[in-house]
Amino acid sequence: MAPMKLEIVTAERLVYSEDVDVLVAPGIEGELGILPRHAPLLTVLQPGEIRVSKDGKETYMTVSGGFIEVMSNTVTILADTAERVEDIDAERAEAAFKRAQERISSAVSEMDLQRAMASLKRSQARIGVVTRRRRQQRGERPTQQPPTQ
Ligand code: ATP
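Residues numbered from 1 in each chain as written. Predicted model: local features only at pLDDT ≥ 70, side-chain atom pairs only at ≥ 80, totals over all residues. Heavy atoms only, no water.

Draft legend 1. Fine view of the domain arrangement of the protein. Looking at the assigned domains, one finds that the protein contains domain 1 (4–85) and domain 2 (89–137). In this assembly, 12 residues from domain 1 lie in contact with 10 residues from domain 2. Here domain 1 packs against domain 2, burying approximately 1,000 Å² in sum over the two surfaces, 62% of which is carbon and sulfur. Contact with domain 2 buries surface across domain 1, with Glu49, Tyr60 and Val85 losing the most and accounting together for 50% of the total. Seen at the junction of domain 1 and domain 2, the total is two salt bridges. Glu49 is the partner of Arg132 in a salt bridge, and the nearest nitrogen-oxygen pair spans 2.9 Å. In this structure, the connection of domain 1 to domain 2 is made through five residue pairs in polar contact (both at pLDDT 80 or more). For the side of domain 1 that touches domain 2, the secondary structure elements donating two or more residues are β6 (48–54) and β7 (57–63). When grouped by side-chain class, the residues that make up the side of domain 1 that touches domain 2 number four nonpolar, five polar and three charged. (Domains from an automatic or database assignment. Contact = heavy atoms within 4.5 Å. Buried area = accessible area lost by both parts, 1.4 Å probe. Salt bridge = Lys/Arg side-chain N within 4 Å of Asp/Glu carboxyl O. Polar contact = N/O pair within 3.5 Å; in protein donor to acceptor, adjacent residues only side chain to side chain. Helix = DSSP H or I, 4+ residues; strand = E, 2+ residues; numbered from the N terminus. Nonpolar A, V, L, I, M, F, W, Y, C, P; charged D, E, K, R; others polar.)

Draft legend 2. Fine view of the site of the ligand. As a structural note, the neighbourhood of the ligand is formed by 13 residues, with Glu83, Asp89, Arg92, Arg99 and Arg122 the closest of them. Between the ligand and the protein, one listed contact pairs an oxygen atom with a side-chain N or O atom of Arg126 at 3.0 Å. Protein contact buries 72% of the 600 Å² of open area that the ligand shows by itself. Those elements that provide at least two residues to the shell around the ligand are α1 (90–105) and α2 (110–137). When residues of the shell around the ligand are assigned to their parent elements, the largest contribution, four residues, is made by α1. A breakdown of the residues in the shell around the ligand according to their chemical character gives three nonpolar, two polar and eight charged. (Near = heavy atom within 4 Å. Areas by Shrake-Rupley, 256 points an atom, 1.4 Å probe, with all protein chains shown as cover.)

Take a look at the structure:
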């Protein structure tokens with residue numbers, strides 16, 4: 001099947017722009033699997049992992065939320081933040097994860113809690129794709145994706 005165009009952009013930069021064969025993205029209601037010639041779609045993304053398959057090779061990225069639009073065989077992700085796996089600082093993500101856990105246990109308001117939970121999800125996604133990539137580099141089979149909600 002002919003590929004589709006995927007563009008991932010944030011307010012600051014173009015993160016990814018390639019022709020791809022398969023895209024899996026964290027839709028607000030669960031994982032979205034998109035193949036070429038998908039029907040038009042506009043929906044919200046939650047923090048999570050993006051998986052792209054191109055010429056039989058899988059690539060991982062993260063997104064912290066935003067919108068996904070599918071139109072005329074082109075997928076556009078307008079992300080709050082997005083990173084390719086090679087740009088993720090794993091130590092920073094681990095530190096953010098621990099910080100978020102502490103903030104969750106000491107949250108004094110619903111807003112505090114929501115913010116800490118969102119931070120936890122962002123850091124989990126970043127840690128998740130780094131772990132997946134390390135496994136891929138070791139030649140291990142990919143494990144089942146954890147549920148996104
Ligand atoms: P958190 O709220 O999870 O502690 P943060 O506030 O440091 O993280 P974000 O608000 O999620 O970061 O993102 C701010 C910017 O930093 C974005 O451009 C994002 O791509 C980048 N960023 C955040 N964490 C990482 C990371 N672990 N590695 C690389 N870039 C990151």
